[in-house]
Amino acid sequence: MRQVVLIIVLIMAGACSGHDVVPYSPPDFPERGFLQSHRLTGSLQMQYPLSILAVQDYIYVLGSVGDTFVRIYDRVSGEFVRSAVRRGRGPGELLMPGNMYYDNETGTICIYDIRQMRLQKYAAGPDMEYTGSLDFGWTGNSIRNAWQITENISVVNGQTGMDAGKQGRLQLLSADNRIVGSWNMFPIGDKIQRRTYFNTVFTMSPDRTKLAEGTLFGAILETFDLREAGIAGHGCRMFYPPSIETRGGVVL
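Caption draft 1: Broad picture of the overall build of the chain. Assigned secondary structure in the chain consists of 1 helix and 19 strands. Taking all 252 residues of the chain together, the buried fraction comes to 43%. Partitioning the intrachain contacts of the chain with sequence separation of at least 6 by distance along the chain shows that 37% fall at a separation of at least 24. With the model as given, the accessible surface of the chain reaches about 14,300 Å², and the carbon-plus-sulfur share is 53%.

Caption draft 2: Seen up close, the pattern of salt bridges. For the coordinates displayed, the defined rule picks out 8 salt bridges. Because the salt bridges share partners, they merge into one network encompassing D103, E105 and R208.

Caption draft 3: Looking closely at the pairing of strand 6 (residues 97-103). Buried residues dominate strand 6, accounting for 6 of its 7 residues. Sheet analysis places strand 6 next to strand 7 (residues 108-113), joined by 5 bridges and oriented antiparallel. What sits directly across from Y102, in strand 7, is I109. Between strand 6 and strand 7, which follow one another and run antiparallel, lie 4 residues, and G107 among them has a positive phi close to 70°.

Caption draft 4: Main features of empty space enclosed by the protein. For the structure on display, the rule yields 1 cavity of 30 Å³ or more. Its boundaries defined by the atoms lining it, the largest cavity holds a volume of some 50 Å³. If you go around the largest cavity, you meet 10 residues; those closest to its centre are R144, N157, R169, Y197 and E213. Its residues assigned to classes, the lining of the largest cavity comprises 4 nonpolar, 3 polar and 3 charged.

Caption draft 5: Fine view of the packing of aromatic side chains. Across all of its chains, the model carries 7 aromatic pairs by this definition. Ring geometry for Y73 versus F80: centroids 5.6 Å apart, planes at 65°, classification edge-to-face. On the numbers, 6.2 Å between centres and 65° between planes, the contact of Y112 with F136 is edge-to-face. Of this pair, Y112 sits in strand 7 while F136 sits in the loop between strand 9 (130-135) and strand 10 (143-148); the two residues are 24 residues apart in sequence, bridging distant segments of the chain. A single burial state applies to Y112 and to F136, both of which are buried. Above the plane of the ring of F80 lies R71, whose end atom (NZ or CZ) is 4.1 Å from the centre.

What counts, and at which threshold
- Residues numbered from 1 in each chain as written.
- Predicted model: local features only at pLDDT ≥ 70, side-chain atom pairs only at ≥ 80, totals over all residues.
- Heavy atoms only, no water.
- Helix = DSSP H or I, 4+ residues; strand = E, 2+ residues; numbered from the N terminus.
- Buried < 20%, exposed > 50% of the residue type's maximum accessible area, 1.4 Å probe, protein only.
- Contact = heavy atoms within 4.5 Å.
- Areas by Shrake-Rupley, 256 points an atom, 1.4 Å probe, with all protein chains shown as cover.
- Salt bridge = Lys/Arg side-chain N within 4 Å of Asp/Glu carboxyl O.
- Pairing = 2+ DSSP bridges.
- 1 Å grid on protein atoms, 1.4 Å probe; cavity = no way out; pocket = protein on both sides within 12 Å on 5 of 7 lines; lining within 4 Å.
- Points joined across faces, edges and corners; volume = space filled by probe spheres on them.
- Nonpolar A, V, L, I, M, F, W, Y, C, P; charged D, E, K, R; others polar.
- Phe/Tyr/Trp six-rings, centres within 6.5 Å; stacked < 30°, edge-to-face > 60°.
- Lys NZ or Arg CZ within 6 Å of the ring centre and 35° of its normal.

Next up, the structure:
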């Protein structure tokens, strides 16, 4: 039995090559206390909220609300301020938002549009004035999330640069439309169970040198170091094994 366990651990470590891997182990979060809270505003009518930012005096919630995608609230009172970023194909408009993050160097809120393959930029504030965009349409592939980490380098999550039938993960793209780095390894070897990576949550460090990705199914947390020279796996913590079932190509 011990030999079988050892073989499984070695297989998992090899699948997460380049990471410091901690095998599957349920988390132990000791209770330190609890928070008390109360509702400041009425109900939030929003279809599938995707992200939330607390920046300066306001809270920004990304999701679909009628023909707009962002709802802005006062950070102190919690009162609703206004809706922003309209649905459409015009400058600053969105069709299908992916990730949202705040660039503290430029004071802009950035939202990636999956269908238009553009990283849209807005000045932080109640007006969310559109300031420009970064286009990824040149890749010709599916990108689900994007972040600009320097003036010349962006990191994306999707299929960019992969051969047909292969699933890509993270790529570094240069301002002159080149793929300059990639990380396409997975901690899961089975291709069916790997579908847990179709729907994950990302967060980036404020200095934009580290990226973390967590799966919603299977509870796997990975961290990456971002450099202009490439992407490096920093660590991989595996909490629960995924259990994905499919029917007609759809994940149940």
